[in-house]
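# Breakdown of the fold
Listed below, chain by chain, are the residues.
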Amino acid sequence: VTCPMRFRSQMRVFILLFLSLALFVRAQEEEDEIRNDSEDFSSVTCGSIVKLKHVATGSRLHSHGVSYGSGSGQQSVTGFPNIDDTNSLWVIKGSTLKTCTRGQTIKNGDLVRLQHLTTGKNLHSHLHQSPLTKQQEVSCFGEEGSGDTGDNWRITISTDGWKRSETVKFQHVDTGKWLSSNRNKYSNPIPGQHEICGIATSNRDTEWVAEEGFYFPSKK
């Protein structure tokens with residue numbers, strides 16, 4: 001008689017443990033669902049660290065510790081063909097005229113700065129000529145995020161809020177030129193990297209998409 005009773009007792013304990021575990025797992029799933037419902041990672045937000053892919057060439061907006069040998073002599077900006085390089089990461093910040101808060105969705109017409117994560121300099125443009133096509137030079141400028149109005153870019157998108165899956169265009173505020181790339185490539189010391197420049201006309205060469213990165217959820 002003792003063995004069946006012990007067996008039933010052990011089974012009861014097992015069933016209770018199983019049910020408790022099942023309830024715990026379900027509670028965790030419900031908590032995750034609530035968390036996921038309240039956090040939206042589909043938008044590009046202020047403070048996010050992103051890689052920007054040029055639609056036409058597939059290269060990522062990129063910079064490094066190499067200066068232009070002509071023009072301004074500032075830190076060069078290129079289109080990098082590989083996706084796994086931290087020098088293609090940019091922090092999205094507010095403009096020199098208006099700050100933004102972390103998690104704030106970037107909207108059509110907003111002014112932003114793109115700070116190069118590795119060097120701390122801002123994406124910049126001015127009236128110097130680009131080295132290869134003699135368009136407007138795009139460089140990195142400033143120290144630890146400080147710079148001037150030449151760092152401001154206006155967001156142009158087809159919806160109200162910038163989504164990670166949609167194309168975006170960047171218009172330089174001071175000069176009106178559009179952030180662009182092309183299939184012209186540099187030789188040494190940055191062989192195979194595409195030219196980045198500012199051009200006068202908005203077209204397919206001015207289309208970008210936010211790809212890999214670290215995104216802050218948008219605020220409700």
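Described in the following lines is the structure provided in the data block. In every chain, residue numbers begin from 1 and rise along the written sequence. Residue-level local features of this predicted model are given only where pLDDT is at least 70; pairs of side-chain atoms are given and counted only at 80 or more, and the full residue set underlies all totals for whole chains, interfaces and linings. Side-chain descriptors were evaluated using all non-hydrogen atoms of the structure, hydrogens and water having been removed beforehand.

## Re the packing of aromatic side chains
Between the rings of Phe, Tyr and Trp (Trp by its six-membered ring), a pair exists once the centres lie within 6.5 Å; its type follows the angle of the planes, with under 30 degrees stacked, over 60 edge-to-face, and the other angles tilted. Applying the stated criterion to the full structure yields 1 aromatic pair. With centroids separated by 5.9 Å and ring planes inclined at 75 degrees, the aromatic side chains of Trp162 and Phe170 adopt a geometry described as edge-to-face. Our definition puts a charge over a ring when NZ of Lys or CZ of Arg is within 6 Å of the ring centre and also within 35 degrees of the ring normal. Against the face of Tyr215 rests Arg164, its NZ or CZ located 3.8 Å from the ring centre.

## Details of the state of the cysteines
Two cysteines form a disulfide when their sulfur atoms are joined by a covalent bond. Two cysteine sulfurs form what is called a disulfide whenever their separation falls within 2.5 Å. Applying the stated rule across the entire model yields 1 disulfide. Note on cysteine connectivity: Cys46 is disulfide-linked to Cys100, with sulfurs 2.0 Å apart. On the sign convention where negative means left-handed, the S-S torsion of about 75 degrees between Cys46 and Cys100 marks this disulfide as right-handed. Taken together, the residues span a long stretch of sequence, with Cys46 in the loop between helix 1 (2–38) and strand 1 (49–54) and Cys100 in the loop between strand 4 (90–94) and strand 5 (111–116) at a distance of 54 residues. To qualify as a helix, a DSSP run of H or I must reach at least 4 residues; to qualify as a strand, a run of E must reach at least 2; elements of each kind are numbered from the N terminus.

## Observations concerning the side chain of Lys93
Residue placement: Lys93 occurs in strand 4. The buried label applies to any residue whose accessible area, calculated with a 1.4 Å probe on protein chains only, is under 20% of its type's maximum; exposed applies above 50%, and partly exposed to all values in between. Positive charge is attributed to Lys and Arg, negative charge to Asp and Glu, and no charge count is given to His or to the chain ends. Counted as salt bridges are all cases of a side-chain nitrogen of Lys or Arg within 4 Å of a carboxyl oxygen of Asp or Glu. Summary of buried charges: Lys93 has no salt-bridge partner, and the nearest side chain of opposite charge, Asp151, is 8.3 Å away. At a separation of 3.0 Å, a polar atom in the side chain of Lys93 contacts the side chain of Gln115. Ignoring anything within four residues of it in the chain, the contact list for Lys93 reads Cys46, Cys100, Val112, Arg113, Gln115 and Gly145. By the criterion applied in these results, polar contacts are pairs of N or O atoms within 3.5 Å in which, for protein atoms, one can donate a hydrogen and the other can accept it, and in which residues neighboring in sequence qualify only through two side-chain atoms. In what follows, residue pairs with any heavy atoms lying within 4.5 Å of each other are defined as contacts.

## Let's talk about the side chain of Gln136
Its location among the elements puts Gln136 in strand 7 (residues 136–141). Given the relative accessible area of 5%, Gln136 is considered buried. One polar contact links the side chain of Gln136 to the main-chain carbonyl oxygen of His126, over a distance of 3.5 Å. At 2.8 Å, the side chain of Gln136 and the side chain of Thr175 are in polar contact. Dropping the residues within four chain positions of it, Gln136 is found in contact with Ser125, His126, Leu127, His128, Ser130, His172, Thr175, Lys177, Cys197 and Gly198.

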